[in-house]
Amino acid sequence: MDALGKLYTSTAIVTVNVEGKLNGITVAWVTRVSWQPPMVAVSIGKTRYTRELMDRTDSFAVCILGKNAKEIAEYFGTVSGRNTDKFKKYPYTMSEGNLPIPEGTIAYIECDKAGQFEAGDHIVYLGTVRRQKVLRDEPPLIFGEHELL
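Scope of this entry: the structure provided in the associated data block. From a predicted model like this one, the values you see are computed outputs, not experimental measurements.

The rules behind these values
Residues numbered from 1 in each chain as written. Predicted model: local features only at pLDDT ≥ 70, side-chain atom pairs only at ≥ 80, totals over all residues. Heavy atoms only, no water. Buried < 20%, exposed > 50% of the residue type's maximum accessible area, 1.4 Å probe, protein only. Helix = DSSP H or I, 4+ residues; strand = E, 2+ residues; numbered from the N terminus. Arc of directions from axis to C-beta. Contact = heavy atoms within 4.5 Å. Pairing = 2+ DSSP bridges. Axes fitted to C-alpha atoms, helices over the stretch in contact; angles between N-to-C directions.

## Concerning helix α2 (residues 70-78)
Reasoning step 1: Within α2, the full set of buried residues consists of Ile72, Ala73, Tyr75 and Phe76. On an axial view of α2, the arc spanned by its buried residues comes to 165 degrees, and they lie on one face. In α2, the exposed residues that point more than 90 degrees away from the buried face are Glu71 and Thr78.
Reasoning step 2: Looking at the buried positions of α2, the neighbouring elements they touch are β2 (12-18), β3 (21-27), β6 (59-65), β8 (100-102) and β12 (147-148).

## A closer look at the sheet that holds strand β11 (residues 142-144)
Reasoning step 1: With antiparallel pairing, three strands are arranged side by side in an open sheet as β1-β11-β12. With partners counted over all chains shown, the strands left at the sheet margins are β1 (9-10) and β12, one partner each.
Reasoning step 2: Where β11 meets β12, two bridges bridge the pair, whose relative direction is antiparallel. Across the sheet, Gly144 pairs through a bridge with Glu147, a residue of β12.

## Let's talk about the sheet that holds strand β4 (residues 30-34)
Reasoning step 1: Taken in spatial order, the seven strands line up as β3-β2-β6-β9-β10-β5-β4 in an open sheet, and their pairing is antiparallel. Either end of the sheet is taken by a strand with one partner, and the two such strands are β3 and β4. Each strand of the sheet is rotated relative to its neighbour by a mean of 35 degrees, with strand direction disregarded.
Reasoning step 2: Relative to strand β9 (residues 105-119), β6 runs antiparallel, the two being bridged by seven bridges. Bridge pairing in β9 links Leu65 to Thr105.

So this is what it looks like as structure tokens:
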């Protein structure tokens, strides 16, 4: 056990739509970083396909998963979108901003990409919130102690 494991966060799938190519990745490192304007930050591994797509888009969605979405969280976190269309396995809808919102999402935040910076083996993307929507008022799936809870 380590102290970093005590940092608990909501589990989310960050989704993109780049020239019709839909992709998403499960992230546990997402946080609000500003009240005014409302902004969030998400951290994505440098080697991940979604990171490549994030570099080619101006917008993304943070899809906060509900407690019953552990299976979809694990799938989106372990299967690469380089070779697999992850959205063929699970139903999804498109947001007003034309971003995919996967099954299991209880709330989502659409963002305009506002910047990015390197953080070790990850890239942190900043997003200015342009739209947010609660789909179901229930607790999120949590990541803590280095696992989904």
